[in-house]
Each structure stands twice: as structure tokens, then as C-alpha cells.
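# Geometric and topological summary
Read off the chains here:
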Amino acid sequence: MNLFRFLFLLVFFILLNIYLFNRGWQAMPDNRVVHTVYTLLYIFTSTAIFFAIFAGNRLPVATGRIFELVGGYWMILFVFTLSGALLGDILRILNHYFGIFPDWVTRHYAQAKLIYFFAVLTVLAFISVMGYYRFSHPKITKMNLTVNHGKVLTHDMNIIAVSDIHLGNLIRKKQLGKWVNLINKQDPDVILIVGDLFDHNIHAVELQHMNDDLLKLKATYGVFGIPGNHDYYAGIDKAIQYMKSSGIKVLRDTSVVIDKQLILIGRDDLTNRNRKPLNAIINGSPDTLPKIVLDHQPSGFAESEENGIDVHISGHTHNGQLFPFNKVVSRIYKLGYGYLKSGNTHFYVSSGLGLWGAPIRLGTQSEIVNIVLKSSLNAN
């Protein structure tokens, strides 16, 4: 994002917050103490995310976590708060021209505004509870995929793929431990971490000793991972080092042969504009073995298809995380979420196991992807 675009979005965000602040102020009782408390709370919640992003590593851990949680919740719920305010203004305009309000609302307008304000807060609380459940109870997405004709596996490969875990102040050690147990219960042959293992504050990961939990991941042929854009935000060198110390074999524009059965290819994230083209990574690889590509952002689909890749797995989008952004994501990317077969290549974009901002999903679901890779000879 260039500086001009960032400044434009920042100014736009500030203007929307001024609008929301004024609407909330007008709904409050005409009381100095109430207005003062409301002002202080609004300033804190609407600016917390900036303190978390730009000063999080320099703040005490507990303080940084508070800023990150409060700011994250505000950023996630901002769109719904804004929708509530806009709906209120639309109703007010309609009443001005068509008199749609009941007599009680007209006679008790100040009270009605306060009731509407708390109704919006109630809806936000409901969204938070429902969204947290959809985040904290990931589904297991199971698929049986057949490799291209002429590529034979001597046995099925049970593959677990997870993306966008976003470890840090939001996704903490206790949550990671639950996910590790859930992944291990699937009895995987291979575990794939498809980018964004970290959020943006790797210091919080180090202090919680999350490598102890990552080391508990168990797979017959090991745990493999690639970088994502957030791993770059956390500091790519430190992120790669931490992954390696956690028992994760990092594939960064490199490939590895798994049990003489398949070739696993890990691409660097698009954040690295000098990442290698796919054909350079697989150059010299035997054509008789199935090939799986890991590419964090859902890109390079044409490259994978042209180079005879059997399975291409991505993440990054979170499937929008919240409605209606899942609809936006589906228009931005060729595949924003889910499964697609194009030519002889199976593509899957995961909604992610973790998320960003706040532990809330609406219209989406956290997931663990379980792929059983079969040869054409063994397929049902």
C-alpha cells in the first residue's frame, strides 16, 4: 500500500469515526458526566488499534494485549456500528418526508434515540457471541482427491492443511494447544502450515513459549510450512527462525520429496516481489510423482495449472471473516474460498484456522482442511 492510499484510508476512517461519535453523542442523555465518559471510551476504542500496531512491541505485554483486543474488536465491529448509525439516519429522513414514526417515538424522541442506541449495542453483543463460537469451533473439511493419471501413490496420504493461525496477543497459547490436539487427532501423514503462522507481534509468541505446543504437532512425515504476509510483518527472519525451532520444515521457494511418494513445493509469499517462478522451483523434479503447491495468497493459479501441479493450497482471505466481506472476497479472487478444479489441478483456498482483529466470524467458519490424496489406481 503506497503512502497516498494509506493517508486516504486513514482520513476516511477518521471522518467515519467522527460521524459515529456524533451520532452516539446525540443519543446520550444531556449529562456532562455521561458525555465525558462516552468521549473517553470512544477515543480509547477507536485509537487502540493504532497503538497496538505501531507501539505494541514497545508496550508491556499485558498493556499491548489490551490495546490489541480493544482495537481489534472495534475494527471488526466498526462496520456493523456504522450500519446501525446509517440505518437510524435513513429512518429519520424517511420520517421527515413520510412521517413513518409512531406517535410515541415522535413524542419521546430523546428516549427513542437512547433505546435505539442500546438496541445496536445488543445486536453487536449477539454478533460477538455467535461470531466467537464460529471461530472457536473449527470444522474439519474433508476431501478425497485423485492425482493426475500416470502418477501413482503406493498408499493414500492423509494431509492436514491449516492457514492463517495468527499467533500473538489474540490467538494465545491455550487456544493453540486445543488446535494442536485437534490436528493430531486426525492422525496425519503430513501437516502443512500455509502461511501467516504469526500475526504481527512475534515477541508475544516468544513470551508464551508457543514453540512448546508447536513441537507437539505429530505427523508421520513431518510438519512443513511457508511464509505469509503477516509473517513478514512480524519480521520474516525471526519468523523463519522460530518456525524452524518449533519443528517446522520451512519451504521458501523450495521443494522436498515426501517418502518417495510426492513432491511438496512451498512458495514464498507475494510480499517478496522477487520470489522465484514456479517452473524454476520444480525444475528437475520427476514428472512421475504427484506435486502439491503451497502458496499463501490465492495467486499463481495459472502457473500451477500450466506446470502440471496436482494440488494447490492457499489461504490468506479468511473467506472475508465477516459477512458481507465474504461476498467481496469472492469477487476479488478467482477463488476466494473453497474448492475448484481447473484442468488437472485441484485448488483449495482455506478460510483459515485463526483470524485477524477479533475472534469473530460471521457468515464464515474457521476450518482445518483434511485431504486424503489417492492415486488413480486406488481411487473409489
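Here the structure is a predicted model, which is why all the values come from computation and not from measurement.

### Focus: the environment of Asp213
Position of Asp213 relative to the elements: it lies in helix H8 (residues 211–214). The spatial distance from the C-alpha of Asp213 to the C-alpha of Val180 is 7.0 Å, given a sequence separation of 33 residues. In this view, Asp213 contacts Lys173, Leu176, Gly177 and Val180; residues no more than four positions away in its chain are not counted. Here the side chain of Asp213 touches Lys173 through a polar contact of 2.6 Å, side chain to side chain.

### Side note on empty space enclosed by the protein
Counting across every chain of the model gives 2 cavities of 30 Å³ or more. Approximately 60 Å³ is the volume found for the largest cavity. Every residue along the wall of the largest cavity is listed here: Val162, Ile165, Leu176, Trp179, Val180, Ile183, Ile191, Ile193, Leu214, Leu217 and Leu353. Mapped onto the lining of the largest cavity, the elements with two or more residues apiece are helix H6 (173–184) and strand E3 (190–194). Of all the elements, H6 adds the most residues to the lining of the largest cavity, at 4 residues. Tallied by class, the residues present in the lining of the largest cavity amount to 11 nonpolar, no polar and no charged.

### Side note on helix H2 (residues 32–55)
When the terminal C-alpha atoms of H2 are compared, their 32 Å separation across 24 residues agrees well with the 34 Å that a helix rising 1.5 Å per residue should span. What H2 keeps buried is the set His35, Tyr38, Tyr42, Ser46, Ala48, Ile49, Ala52 and Ala55. Turning to H2, the residues buried within the fold contact helix H1 (3–27) and helix H3 (61–98). A distance of 2.9 Å separates the backbone nitrogen of Val33 from a side-chain oxygen at the start of H2, and that oxygen is part of Asn31.

### Comments concerning the sheet that holds strand E6 (residues 254–258)
In spatial order, the strands read E6-E7-E8-E9-E11-E10; together these 6 strands make up an open sheet with mixed pairing. One side of each edge strand has no neighbouring strand; the edge strands of this open sheet are E6 and strand E10 (338–342). Neighbour to neighbour, the strand axes of the sheet diverge by 20° on average, direction disregarded. With 4 bridges connecting them, strand E7 (residues 262–266) and strand E8 (residues 291–294) associate as parallel partners. Each bridged residue has a counterpart across the sheet, and for Ile263 the counterpart in E8 is Lys291.

### What about the packing of aromatic side chains?
When we look at a pair of aromatic rings, we describe it by the centre distance and by the angle of the planes. According to the stated counting rule, one finds 17 aromatic pairs in the structure shown. Taken together, the aromatic side chains of Phe13, Phe21, Trp25, Tyr38, Tyr42, Phe50, Trp74 and Phe78 make up a single cluster linked through ring pairs. Directly above the ring of Phe224 sits Lys249, whose terminal nitrogen or CZ lies 5.4 Å from the centroid.

Cut-offs and rules
- Here the residue index of a chain counts from 1 through its sequence in written order.
- With the structure being a predicted model, the display of local features is reserved for residues of pLDDT at least 70 and the display and counting of side-chain atom pairs for 80 or more, all residues being used for whole-chain, interface and lining totals.
- Note: side-chain values were computed over all heavy atoms of the structure, leaving out hydrogens and water.
- Only DSSP runs of H or I with at least four residues qualify as helices, and only runs of E with at least two residues qualify as strands; both kinds are numbered from the N terminus onward.
- Contacts between residues were defined by any pair of non-hydrogen atoms, one from each residue, lying within 4.5 Å.
- Contacts described as polar in this section are N or O atom pairs within 3.5 Å, which, within protein, must combine one atom able to donate a hydrogen with one able to accept it, while residues neighboring in sequence count only if both atoms come from side chains.
- Put plainly, a pocket is an open set of points on a 1 Å grid over the protein atoms alone with protein on both sides within 12 Å along at least five of seven lines, a cavity is a set where a 1.4 Å probe fits but cannot get out, and a lining residue has an atom within 4 Å of a point.
- Grid points are joined across faces, edges and corners, and a volume is the space filled by probe spheres set on the points.
- Gly falls in the polar group here, along with every residue not listed as nonpolar (Ala, Val, Leu, Ile, Met, Phe, Trp, Tyr, Cys, Pro) or charged (Asp, Glu, Lys, Arg).
- Expected helix span is computed as 1.5 Å times (number of residues minus one).
- With a 1.4 Å probe rolled over the protein chains alone, any residue whose accessible area is under 20% of its type maximum counts as buried; one over 50% counts as exposed, and the rest are partly exposed.
- Two strands form a pair only when DSSP identifies at least two bridges running between them.
- Between N-to-C directions, angles cover 0 to 180 degrees, with each direction set by a line fitted to C-alpha atoms, over the stretch in contact for helices.
- Pairing of aromatic side chains requires ring centres within 6.5 Å, counting the rings of Phe and Tyr and the six-membered ring of Trp. Pairs whose planes differ by under 30 degrees are stacked, by over 60 edge-to-face, and all others tilted.
- For a Lys NZ or an Arg CZ to count as sitting over a ring, it must be within 6 Å of the ring centre and within 35 degrees of the ring normal.

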